[in-house]
Amino acid sequence: MTKRVLLAEDEPNIVESLTFLLERAGFVVESEMSGRAALEAAIAEPPDVMILDVMLPELDGLEILRRMRADPRSADTPVLMLTAKGQREDRETALGSGADMFITKPFSNAEVIAAVERLAGGRQR
Amino acid sequence: MSRTILGARIRERRRSIGITQAELARRIGISASYLNLIERNKRGIAGPLLRRTAEALDLRLDELDGAAERRLLQTLDEIALQPDLRALGVESAHAGELIGRFPGWARALVALARSEREATATARALADRLAHDPFLGETVHRMLTRIAAVRSAAEILVDFPDIAVERRERFHRIISEESRELSDVGEALAAFFAKVGESDRTLTPLDEVEALFEANDNHFAAIEEAAEALQPAMRDGDPTPRPERADRVAREQMASLVESIVAQSAQVETAAGEARASIALLGYAADALLAPMASFAPRARALGYDVEALAAAYSLGMSTVCERLAALPRTDRTPRFGYLCVNAAGSIVRIRSLPGLLAPRHASACPLWVLYRAQQSPEAVIRQRALFPSGARFVFLARARNTGLTGFGKPRHYLTDMLALSEDDSTLTVYAPDAGVQVEEVGPACRICPRRGCQHRVADPIAG
């Protein structure tokens, strides 16, 4: 069965590139550009993998993650965090609040796809 | 200093500037025979008479009574104890001899040590600002995001040669768009660093105003002159309360002068800075109208720069008096005042800087400054004898004031004013601490403070 990726990212050009790549890798991709909408989507219909940017309007990525983990419907959803800040505190905070993996911008495409595939439990094709 | 040396010193100085015993006695208002007794160490001399004698001999009080030498000795001792100098085998036991035989060299050594400390503190403060500057954090984030978008699109073009033409063009456009954004970010960063290099600080509007005042030694002669000339307008029987009237006269008659000062200043560059600087200078103009310097400076001196006495004498608010004291024109015998005003949250509302004193502009300010405890006893002037890790000594005078009556059950708003002056300069004022006044160890902001064991520390030092 095709796996679903929820992409929470507010930079349209990054959304476009990642959507293209993930679709090429065989995933179905939905994207949300605001933190609040991303949280609602993640809880209402938990994806197979969530890519979550730390800096989002309305609700930041770390807060979204905390609320997802507090809700039984999304408590186990695999989450890959993206951030532009390579600072160690950020990484530690993200992993401490329950992110499964962590990638800093600027990332390589291969790195992101490999991480999503690992979190989705294997290659899609 | 013992009586023996003091009498001899008076005689020596009097002779070296070529005045007779009778003439000096006349100037300080005692009989020649009494002065003779003093000079021969048969009588003591202290208090106002000693102060008048120092003045007549054109010496600072501390130069006459030997306090300056004692301080010099103390500072040399401190220099000799610096860990990085210990290996040089400094002959610390001979510091007194150095001062006696080569006073100029001793003073030069102390001056060098002081400027080295100040330079180090400035460098640390700059590093602190860079590390915590919100503009930099935000800009670096924007830059990395743009690079991520460019990199991702570029990799797609290389890795997927088979994609449709429209798709390909779309990714080309993304690269072009994001590169343009990236150059804007790059330019903003370059401009930021150019500014840091030029002016030693990242500029906020408040910083620009402070820099403008600092560059003018907190004194604007053109405004003072104009205020003097406008005094008749302040006296024409208009029943409006004086402060309001001064504001109006400043606004109506001095706005163009203020604008030209702001326009010509190299320190004020941004529109927000210009607006702030104009408001600050109009405030300065109004204060100058209320207490013209020609009468304020001598009166302040006569009253020992007593803030409360001056406020009463001119029927002025304390903040106005503080501003006027900071604006005193520089002369050798005028104490130099810095002025800070903070709100209840400790944020700086107004600042007139004092050389050698780093104002707590950023987070982790030192809570030991009396500035932050004046609110516990509003309306009282509290004096603090502050010793910095660098060895610099200041006298701080703080007073919290209610900014206005608000009404029953409504919150009261307090601002705290603080005057700062070097302990040396304080000897010219009523605030000079006696030897018995406790010295309190304070610091600059935690991030640049070397007192490692301090129980009030909230942030680690960034260097050293």
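Residues numbered from 1 in each chain as written. Chains lettered and ligands numbered in written order. Predicted model: local features only at pLDDT ≥ 70, side-chain atom pairs only at ≥ 80, totals over all residues.

Participant: Sorry if this is basic, but what is going on with the overall build of chain B here?
Facilitator: Across its full length, chain B carries 20 helices and 6 strands. Sorting the 464 residues of chain B into buried and exposed places 30% on the buried side. Here the analysis covers contacts within chain B between residues at least 6 apart in sequence; of these, 64% occur between residues at least 24 apart. (Helix = DSSP H or I, 4+ residues; strand = E, 2+ residues; numbered from the N terminus. Buried ≥ 20, exposed ≤ 12 C-beta atoms within 10 Å, placed from the backbone. Contact = placed C-beta atoms within 7 Å.)

Participant: Could you clarify how one ought to interpret the overall build of chain A in this entry?
Facilitator: When helices and strands are tallied, chain A shows 5 helices and 5 strands. Helices and strands appear in chain A in the N-to-C order β-α-β-α-β-α-β-α-β-α. In chain A, once contacts between residues fewer than 6 apart in sequence are set aside, the share between residues at least 24 apart is 60%.

Participant: Mind showing me how you'd approach the interface of chain A and chain B here?
Facilitator: How big an interface is tends to be reported as the loss of accessible area on association of its parts. Taken together, the 17 residues of chain A in the interface contact 15 residues of chain B. Examining the composition of the side of chain A that touches chain B, we find that 8 residues originate from one element, helix α1 (residues 12-24) of chain A, more than from any other. Considered class by class, the residues forming the side of chain A that touches chain B number 8 nonpolar, 4 polar and 5 charged. (Nonpolar A, V, L, I, M, F, W, Y, C, P; charged D, E, K, R; others polar.)

Participant: Is there a simple way to explain the nonpolar core in this structure?
Facilitator: Generally speaking, a soluble globular protein has its nonpolar side chains buried in company with each other. Core analysis: the biggest nonpolar cluster contains 73 residues, and Leu281(B), Ala285(B), Phe396(B) and Leu419(B) have the highest contact counts within it. Ranked by residues supplied to this core, first place goes to helix α16 (residues 271-290) of chain B with 9 residues. Each residue touching Leu419(B), except ones within four places of it in the same chain, is listed here: Val307(B), Cys322(B), Leu325(B), Phe337(B), Tyr339(B) and Leu397(B). Counting 41 residues, the second largest nonpolar core, distinct from the first, contains Ala42(A), Leu56(A), Met81(A) and Ala148(B). (Core = buried A, V, L, I, M, F, W, Y, C linked by C-beta atoms within 7 Å.)

Participant: Mind showing me how you'd approach the environment of Arg142(B) here?
Facilitator: Residue position: Arg142(B) is located in helix α10 (residues 134-159). When the C-alpha atoms of Arg142(B) and Val185(B) are compared, they prove to be 7.3 Å apart, with 43 residues separating the residues in sequence.

Participant: Can you help me understand the sheet that holds strand β2 (residues 28-32) of chain A in this one?
Facilitator: Hydrogen bonding along the main chain pairs the strands of a sheet, whether they run parallel or antiparallel. Residue and element names in this part refer to chain A. Ordered in space as β2-β1-β3-β4-β5, the 5 strands form an open sheet in which the pairing is parallel. Looking at the sheet topology across the chains shown, the edges are occupied by β2 and β5 (101-104). Sheet twist, expressed as the average angle between the axes of neighbouring strands with direction ignored, equals 20°. Examined bridge by bridge, strand β3 (residues 49-53) and strand β4 (residues 79-83) share 4 bridges and lie parallel to one another. (Pairing = 2+ DSSP bridges. Axes fitted to C-alpha atoms, helices over the stretch in contact; angles between N-to-C directions.)

Participant: Looking at this structure, how should I read the confidence of the model for chain A?
Facilitator: Detailed reading of the predicted coordinates is not advisable wherever pLDDT is low. Per-residue confidence for chain A gives a mean pLDDT of 88; residues scoring 70 or more make up 90%. For chain A, helix α4 (residues 88-96) of chain A is the element with the lowest average pLDDT, namely 67, and strand β1 (residues 4-8) of chain A is the one with the highest, namely 97. (pLDDT = per-residue confidence, 0-100.)

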